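# Breakdown of the fold
In case you want the letters, here they are:
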Amino acid sequence: MAHAAKMQVTDEVAIQITAMNKWYGQFHVLRDIDMTVNRGERIVVCGPSGSGKSTLIRCINRLEEHQVGQIIVDGTELSSDLKNIDKVRSEVGMVFQHFNLFPHLTILENLTLAPIWVRKTPKREAEETAMYFLEKVKIPEQALKYPGQLSGGQQQRVAIARSLCMKPRIMLFDEPTSALDPEMIKEVLDTMISLAEDGMTMICVTHEMGFAQAVANRVVFMDQGQIVEQNEPKEFFANPKSDRTKLFLSQILGH
Amino acid sequence: MSNSHFVRTQMLPAQKPPVGETGVIKWMRENLFSSWFNAILTFIGMWAVYSLVSSSAPWFLNGVWTASSVDECRAIIAASAGEGASGACWAMINERWHQFMFGFFDREEYWRPLLAFALLFVALSPVLYFNLRRPTMIMVGGAGAVLVLLLWAVGTDGWHLSLAAAVMAALAALAWFAPKHLLWVTLAFPATAFFLLWGGSVWAPIGVMAGFGIAVLVWRALNGFIGVAPAALIAALVAFIWWGLVQSFVTEAMSQALPYFSLPAEDSDRFGGFLLSFVIGVSAISASLPIGILLALGRRSDMFLIKTLSVGFIEFVRGVPLITMLFTASLLLQYFLPPQTNFDLILRVIILVSLFASAYIAEVIRGGLAALPRGQQEAADSLGLDYWQAQRLIIMPQALKVAIPGIVSSFIGLFKDTTLVALVGLADPLQGITKVVKADIAWKAAYWEPFIFVGAIFFIFCFSMSRYSMYLEQKLKTDHH
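Throughout this document, residue positions are counted from 1 along each chain, in the order its sequence is written. As a convention, the first chain written is A and the first ligand written is 1, with the rest following in written order. For a predicted model such as this one, the threshold for reporting local features is a pLDDT of at least 70, and the threshold for listing and counting side-chain atom pairs is 80 or more; totals across whole chains, interfaces and linings nevertheless cover every residue. For side-chain calculations, the full set of non-hydrogen atoms in the structure is used, while hydrogens and water are omitted.

## Topic: the sheet that holds strand S7 (residues 170–174) of chain A
Residue and element names in this part refer to chain A. Filter applied, for reference: Strand pairing is assigned whenever DSSP detects at least two bridges linking the two strands. Every helix listed is a DSSP run of H or I at least four residues long, and every strand listed is a run of E at least two residues long, numbered separately from the N terminus. To obtain an axis, a line is fitted to C-alpha atoms, over the contacting stretch when the element is a helix, and the angle between two such axes runs from 0 to 180 degrees between their N-to-C directions.
Across the sheet, six strands lie side by side as S6-S7-S8-S3-S9-S10; this open sheet has mixed pairing. Two strands bound the open sheet, and with one partner strand each, they are strand S6 (92–95) and strand S10 (226–231). Across the sheet, the mean angle from the axis of one strand to that of its neighbour is 20°, orientation sign disregarded. Bridge count between strand S9 (residues 218–223) and S10: five bridges; the pairing is antiparallel. Across the sheet, residue Val-219 finds its bridge partner in S10, namely Asn-231.

Spelled out as structure tokens, the structure:
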């Protein structure tokens, strides 16, 4: 690929997760997660539903709280310290399955809200940045509409642009295409691919195996709250080692 | 012909609906006579409306507007419509309307409540119309024009009339050139209205407002260092110290030094009629909304103490009749306050009615909060907004929008409930003033007239609130345009 040169993985550690455990009440949802993400990595997390993959990435910006172990994001450890949490959250962008745009604000206001209130960016500058990223996700003409007037694919691209306006160093994607009609999946994936080409550190929970093969430098397979297998995509798909992975791949690629 | 094969070569254009599916006949057939049962119901309904109108219309049509007593009214009706005809004696209203409106204020002082009432609309305009220049301007200008007319109608002296006109003209100019700055009028309104209504030295309300100003300054200074909630707590503490210990000395000193600005003081027992209803209703409505928001947020808080206190307060207040709260205001509070404090009865009633309403508002807003998907809070969190920013910018605008019908219903209910203050000896328009008017032997026999008059005025204001809420719902709709 022509763009491969830009998609460089560096030695710098972006996220360090050590012996992390999480429970929902009595239910042990994440068990002994160890994971290191270097800057510039594009990681795809997959696994059957209920395997804890969404919970894992939601722990990285503390939408979920872990009980045991350590998560260090960009040198900041996540604890109950609110200042650290806000700091990590403003460095880590997140895109949700159901977009979660703010329906009472225009697209432009959705994009400028956090830069203005969190980063204290002047309004005009925030609007220029917002228009820049709207160009990038190819919908600048929708800036003054409300989210409810856009298609699902457009909304998800706006959601990506909204995260980018905070100039994050890491992007988390929580099943970004699962709620979309098939004909809209491609436009969102294209946006994510161009983001990867720009060298963004990304962790993406998805079932889009084509995306994994094209963009990821590592695929992580989870089951029952544990990391079962991880490998670079070529090896992962051609030569899965564990039986669980084989079963999962046969089910997801079988039809 | 094979029917498993089909290829459309031309897409069909959209067509008009068939003729005859529109018009009056169709409407009547569908809505009034769609079946024999429906037709019978239509005729019964028409008969009911006819008998209601035919029996009450003469009473309204024979109404007499000028007379000096009910007996005189009856004589006039008998003379014009024949012996035994019924008719309304509006003369009673014509003669005593000022008591229904202003309670027991002196005629020379009517300009004060009227000006305060006009300023209420000025203060509301930036809040209701989001600084849109045209509607703001229309509201302020309209309030000014109506004010001048009313002042002229109640016979205000030229000096106060021109003063009020000048104030309103200045505000209209402000509305035109800088509608945003009208918010300062809104902020100053409580003190302004208090000064206009209760009179006394201007320094007392300024002193009270200064407490809020000091609290804001303290909060701003500390906010950056210790976080929103602790800063708010300290600011509130400083404000209470100001009100409790410092303010009376400063106010005293200022009125000694600059004794020029004062109005004749009005006692609370001179308040009555719609003046009283409005003072209590408007104060309680504007106080209960912010308190209700805080209670609703408190009820959803993760912090055990705050949650328990909020739930306890809401459930306690909702479990107690409003009348109990009013009796508490009039009797019990006296026992708890230090003996020398002369805490105004109307103020006490306002406080307890506000607390009462805020519990209901809190539950209505909680309904709005529950309607929001969890993802909204998560999206706000993931962008790094802190708790208060998320509530103010993301959660509340949406939750309040959902809760508008419920909130306005509560406000309407609250406004009508202000008539209950009759039970603690205040002269509400419905019972209190009617009693006072009917104590006059000339109007003793009147029965329906005061109720219809007071009911009509309540209806006008409640209906306006309801219409405004529909306008707001329409305006805030963002899913399609």
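## A few points about the sheet that holds strand S4 (residues 68–73) of chain A
Residues and elements named next belong to chain A. What the four strands build is an open sheet, ordered S2-S1-S4-S5; its pairing is antiparallel. For this open sheet the edge positions go to strand S2 (27–38) and strand S5 (76–77), each flanked by a neighbour on one side alone. Here strand S1 (residues 13–24) runs beside S4; their pairing, made up of five bridges, is antiparallel. In the strand pairing of S4, Thr-18 is matched with Gln-70.

## Section: the domain arrangement of chain B
Put simply, the test is: An automatic or database domain assignment is the source of the domain bounds shown.
As assigned here, chain B comprises domain 1 (200–263) and domain 2 (269–481). On a C-alpha basis, the centres of domain 1 of chain B and domain 2 of chain B stand 26 Å from each other.

## A few points about the interface of chain A and chain B
For clarity, the cut-off: A contact between two residues is defined here by any heavy atoms of the two lying within 4.5 Å. For any pair of parts, buried area is found by adding up, for both, the accessible area (1.4 Å probe) each one loses once the two are put together. In the sections that follow, a salt bridge refers to a side-chain nitrogen of Lys or Arg positioned within 4 Å of a carboxyl oxygen of Asp or Glu. Under this definition, polar contacts are N or O atom pairs within 3.5 Å; protein pairs additionally need one hydrogen-donor-capable and one acceptor-capable atom, and for neighbouring residues in sequence, both atoms have to be side-chain atoms. Under the grouping applied here, Gly and all other residues not named as nonpolar or charged are polar, the nonpolar ones being Ala, Val, Leu, Ile, Met, Phe, Trp, Tyr, Cys and Pro and the charged ones Asp, Glu, Lys and Arg.
Facing the 25 residues of chain A at the interface are 21 residues of chain B. Across the chain A/chain B interface, buried area totals approximately 2000 Å², and carbon plus sulfur atoms make up 60% of it. Between the two partners, chain A and chain B, sit two salt bridges. In this structure, B:Asp381 and A:Arg89 form a salt bridge, with 4.0 Å as the shortest nitrogen-oxygen distance. Summed over the shared surface of chain A and chain B, the result is six residue pairs in polar contact (both at pLDDT 80 or more). At the level of secondary structure, the elements contributing two or more residues to the side of chain A that touches chain B comprise helix H2 (82–91), S6 and helix H3 (107–117) of chain A. Grouping the constituent residues of the side of chain A that touches chain B by class yields 13 nonpolar, six polar and six charged.

## Focus on the nonpolar core
The criterion, for reference: Grouping buried Ala, Val, Leu, Ile, Met, Phe, Trp, Tyr and Cys residues that are joined through side-chain atoms within 4.5 Å yields what is termed a nonpolar core. Throughout, exposure labels follow a simple rule: accessible area from a 1.4 Å probe, protein chains only, divided by the maximum for the residue type, with under 20% read as buried, over 50% as exposed, and the rest as partly exposed.
Ranked by size, the top nonpolar core spans 115 residues in total, and within it A:Ile15, A:Ile17, A:Val73, B:Met168, B:Phe271, B:Ile346 and B:Val349 carry the most contacts. Beyond its immediate chain neighbours, meaning those up to four positions away, A:Ile15 contacts A:Met35, A:Thr36, A:Val37, A:Ile60, A:Ile72, A:Val73, A:Ile170 and A:Ile203. Formed by 45 residues, the second largest nonpolar core is a distinct cluster that contains A:Met171, A:Ala196, A:Cys204 and A:Leu249.

## Considerations on the state of the cysteines
Short version of the rule: Whenever a pair of cysteine sulfur atoms sits within 2.5 Å, that pair is classed as a disulfide.
According to the stated counting rule, one finds one disulfide over all chains in the structure shown. Here B:Cys73 pairs with B:Cys89 through a disulfide, and the sulfurs are 2.0 Å apart. Disulfide B:Cys73-B:Cys89: the torsion about the S-S bond is 60°, which places it as right-handed. In this pair, B:Cys73 sits in helix H3 (residues 70–81) while B:Cys89 sits in the loop between H3 and helix H4 (91–102), placing the two residues 16 residues apart along the sequence. Of the residues examined, B:Cys73 reaches a relative accessible area of 1% and is grouped as buried. Residue classification places B:Cys89 among the buried positions, given a relative accessible area of 3%. Cysteine A:Cys204 is unpaired, with the sulfur of A:Cys46 as its nearest cysteine sulfur at 10 Å.

## Remarks on the pairing of S6(A)
Looking along a regular strand, one sees side chains alternate from face to face of the sheet. All names here are of chain A. By the alternation rule, side chains of S6 split into Val-92 and Met-94 and Gly-93 and Val-95, which are all buried. Strand direction decides the pairing type here: S6 and S7, joined by four bridges, are parallel. Paired with Val-95 across the strands is Phe-173, a residue of S7.

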